[in-house]
Amino acid sequence: MALEESPSLDLYKEGMPARLPDPSRKRRLVWVLIIGLAALSVGLAFLNMAQNGTLAILTGTGSVAGTVYDDQGKPVAAEVFVFGADISAQADPSGRFVLEGVPAGQQVIVVAYRNVGREYAVQVVAGQTVDLGDARFQPEDFMTGWSQSGEGAP
Amino acid sequence: MKYTVRRFQKGQGLVEYALLLLLIAIVGGLALNAMGVSIPDIYNQVMAGLRGEDAACSPLARAGKEWDAFKDKFWRGGIAQKDGGFQVCPLCGGLLPGYSGSDYRVDLSGVKVQNVNPTWNGYGVAFRAEYGKKGLNGYMFEIEKVNKNAPVQIYFSKWVNGKQIRPPLAVKNLPPDFDWNNPPDISVKAEGDTFIAYLDGKEVLKASDKTYTEGGAGVVSNLGTKLDFADFAVNLPVCEEVK
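Residues numbered from 1 in each chain as written. Chains lettered and ligands numbered in written order. Predicted model: local features only at pLDDT ≥ 70, side-chain atom pairs only at ≥ 80, totals over all residues. Heavy atoms only, no water.

Colleague: Break down the interface of chain A and chain B for me, citing the residues and quoting the values.
Modeller: Contacts between chain A and chain B engage 42 residues on the former and 45 residues on the latter. For the pairing of chain A and chain B, the buried interface totals around 3,600 Å² over both sides, and the portion due to carbon and sulfur atoms is 63%. For chain A, the biggest contributors to the area lost against chain B are Arg27, Asn115 and Trp146 of chain A; these three give 20% of the whole. Where chain A meets chain B, there are four salt bridges. Across the pair Asp86 of chain A and Lys134 of chain B runs a salt bridge whose closest N-O atoms are separated by 3.0 Å. On inspection of chain A and its partner chain B, the count reaches ten residue pairs in polar contact (both at pLDDT 80 or more). Along the lines of polarity and charge, the residues of the side of chain A that touches chain B split into 22 nonpolar, ten polar and ten charged. (Contact = heavy atoms within 4.5 Å. Buried area = accessible area lost by both parts, 1.4 Å probe. Salt bridge = Lys/Arg side-chain N within 4 Å of Asp/Glu carboxyl O. Polar contact = N/O pair within 3.5 Å; in protein donor to acceptor, adjacent residues only side chain to side chain. Nonpolar A, V, L, I, M, F, W, Y, C, P; charged D, E, K, R; others polar.)

Colleague: Can you break down the packing of aromatic side chains residue by residue, with the values?
Modeller: By the definition in use, this model includes 21 aromatic pairs over all chains. Residues Tyr113 of chain A and Phe137 of chain A carry aromatic rings whose centres are separated by 6.0 Å and whose planes lie at 50 degrees to one another, so their mutual orientation is tilted. You can see Tyr113 of chain A sitting in strand β5 (residues 105-113) and its partner Phe137 of chain A sitting in the segment after β7 (129-136), a full 24 residues away along the chain. Considering the side-chain rings of Phe74 of chain B and Trp159 of chain B, the 6.4 Å spacing of their centres and the 40 degrees angle between planes classify their relative orientation as tilted. (Phe/Tyr/Trp six-rings, centres within 6.5 Å; stacked < 30°, edge-to-face > 60°. Helix = DSSP H or I, 4+ residues; strand = E, 2+ residues; numbered from the N terminus.)

Listed below in structure tokens is the structure:
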């Protein structure tokens, strides 16, 4: 025991006290706090991972498939990607695409053509292919100056 | 021997307290992150508060010589200083360098436009935005006139990997008390998941989205417009609106 932690002689001036002070109590309390905070930080780390999608990577991956059509109803070789992930694909001339290695869970798929995009929320299941169906652009999607320049512009 | 043990125990106590403080800091940081609170924003607000009430409303960032220009196969360039103000070429834009925050208000003032083409006229501000290899990610508020017969529209939109997401987050026609030929100043306040746009200090449009929680701020010009402006600044949302 450290000298600083030794009990004061005042404690014994009326004889041996019924309950002796426990010099290790403070240290135990500190360790209880340390273990409690460590457990809390692990829980919060999982919560953060769940919020930013990192946890989804650990739960496996699946695929998303679909077909893209322009505002005239014609299939287009659009760009398709997963929001917040480095996963993308190019639709073929028939508009068909398959995104592979998509983390399981709720994901947002962006289908982009002529500098505008449409978002689709999908529930990806590990080991399975989810069919997004038909992704169709509308004429009003291209009623913006941003769609009039760059790749695919009229 | 006894001396050695005592020294060891004292050292161990310090390690325990250091561990305790470290864990408190980690738990605090993780909890704020989980609640969507930006630590740089808190730092900015505390520092602004320490500088006093007047200084607290001094801009967090302001237009200067340097801009992070948009330049790729889509965007045509950045923002240049001109005649004591700034000029944005058609289909150009830029972000204030080195600034990123969560809750703030952007103020674009002293606006003048030259419509260099009869179509796709407009200008706007980007907020909670970043520009990288994949293009622009973030939000934009714009005033746009597609052609001479179309109504002037104001709208909030989201950008993902350089693509403008359709439909817009919120859209409406320019209120009748504003004149497209006398282009208004723009202020946009972003607080939490709510965005409010002001034209010449008057609230005109509101939108909500949770995709981007922080990012930089900048100015953009549409395909048919050359934009001149006197000033662009980022302020704390609590500070008075620009009139």
